[in-house]
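Here are the chains, one letter per residue:
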Amino acid sequence: MSELKPSERILCALDTISTDEASKLARDLGPHVGGVKLGLEFFGANGPAGFNEVANADQNIFLDLKLHDIPNTVAKAIHSLMPLKPKIMTIHTAGGPTMMRAAAEAATEAAKNVGCERPLIVGVTILTSLDNEDMCAIGYQNKVSMQVVKLARLAKESGLDGVVCSSHEIKLIKESCGKDFKLVVPGIRPAGSAIGDQKRTMTPAEAVALGADYLVIGRPITQDDNPAEAAKKIADEING
Ligand code: C5P
């Protein structure tokens, strides 16, 4: 498999409910990113029609809906979403191995039915908003990092293509799941940019050096006066 170019690793989070704003950003970013991420906020407000408007800007789309339900429902949701032809989709690993297997199989089958490239199905392990105390409250015995690795291994065994993880878990997961298991990493801050509400950040170059495959980067690009230039600088930083 060919190595990704630095720009292809950047997935810009379009955290807005405005289709005009999202489409303009997607268009302006052009070849300087590998794709854009649309989440629940955007999809809830604009649905498939909004998704298609952004897709018209010729960007790969990471549809981050974090599906979590019984296997049959998740599989059917993946079938319903496939005509949108997203390049990456997310599900919760806490849905368990049968649900993850059903999701992976549904993605293969639905992509074949639609005649599109099969999207990567990526698992959310432990939300980074949970700390060890929250883990205890919901009945997990393990510390966050141990639980993340356990769920990442389960995701791999259940046929998922990778997981979303914090930059601080990249090394552990790659060691445990191997280099081909894709890691999608948010909480990235280019050198010198505002940290904002992210608590544990890492620079793009550091994250890629540790083994991150894709970097989810929002505000450092979207809030810049020149988003395309900001993305280009990030790709250069990864390259350097
Ligand atoms: O780069 P920025 O902080 O603006 O990126 C925010 C995006 O990354 C949001 O879409 C958010 O949902 C996502 N994200 C995150 N932290 C996580 C998981 C996802 O910020 N642990």
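Residues numbered from 1 in each chain as written. Predicted model: local features only at pLDDT ≥ 70, side-chain atom pairs only at ≥ 80, totals over all residues. Heavy atoms only, no water.

Asks: Lay out unusual backbone geometry with the relevant residues and their values.
Replies: One non-glycine residue, D58, lies in positive phi territory at about 70°. Structurally, D58 is set in the loop between α2 (40-55) and β3 (61-67). By relative accessible area, D58 is classed as exposed at 72%. Unlike most non-glycine residues, K85 shows phi in positive territory, near 55°. (Helix = DSSP H or I, 4+ residues; strand = E, 2+ residues; numbered from the N terminus. Buried < 20%, exposed > 50% of the residue type's maximum accessible area, 1.4 Å probe, protein only.)

Asks: Before we move on, can you summarise the pattern of salt bridges with the specific residues and values?
Replies: Using the criterion set out here, one finds 9 salt bridges in the structure. R9 is paired through a salt bridge with E3; the nearest N and O atoms lie 3.3 Å apart. Exposure remark for R9: the relative accessible area of 7% places this residue in the buried category. In this structure, D28 engages K24 in a salt bridge whose closest nitrogen and oxygen atoms are separated by 2.6 Å. Of this pair, D28 and K24 both sit in helix α1 (residues 19-29), separated by 4 residues, roughly a single helical turn. Through salt bridges with shared partners, a single network forms among K37, D64 and K66. (Salt bridge = Lys/Arg side-chain N within 4 Å of Asp/Glu carboxyl O.)

Asks: Lay out the packing of helix α6 (residues 144-157) against helix α7 (residues 170-177) with the relevant residues and their values.
Replies: Where α6 contacts α7, the axes come no closer than 10 Å and their chain directions differ by 40°. α7 is crossed by α6, and the crossing has right-handed handedness. Every residue of α7 that contacts α6 at S145, V148, V149, A152, R153 and K156 is listed here: L172, I173, S176 and C177. Looking at the contact of α6 with α7 residue by residue, the class counts come to 6 nonpolar, 2 polar and 2 charged. (Axes fitted to C-alpha atoms, helices over the stretch in contact; angles between N-to-C directions. Left-handed = near helix turned anticlockwise from the far one by under 90°. Contact = heavy atoms within 4.5 Å. Nonpolar A, V, L, I, M, F, W, Y, C, P; charged D, E, K, R; others polar.)

Asks: Describe the nonpolar core, listing the residues and the values that go with them.
Replies: Within the largest apolar cluster, 67 residues are counted, with the highest numbers of intra-cluster contacts made by L14, V54, I78, I91, I173 and L215. Residue contributions to this core peak at 9 residues, all from helix α4 (residues 97-114). In this structure I78 touches L67, M89, I91, A103, A106, A107, A110 and I121, once residues within four positions along its chain are discounted. L11, V122, V184 and V216 belong to the second largest nonpolar core, which has 10 residues in total. (Core = buried A, V, L, I, M, F, W, Y, C linked by side-chain atoms within 4.5 Å.)

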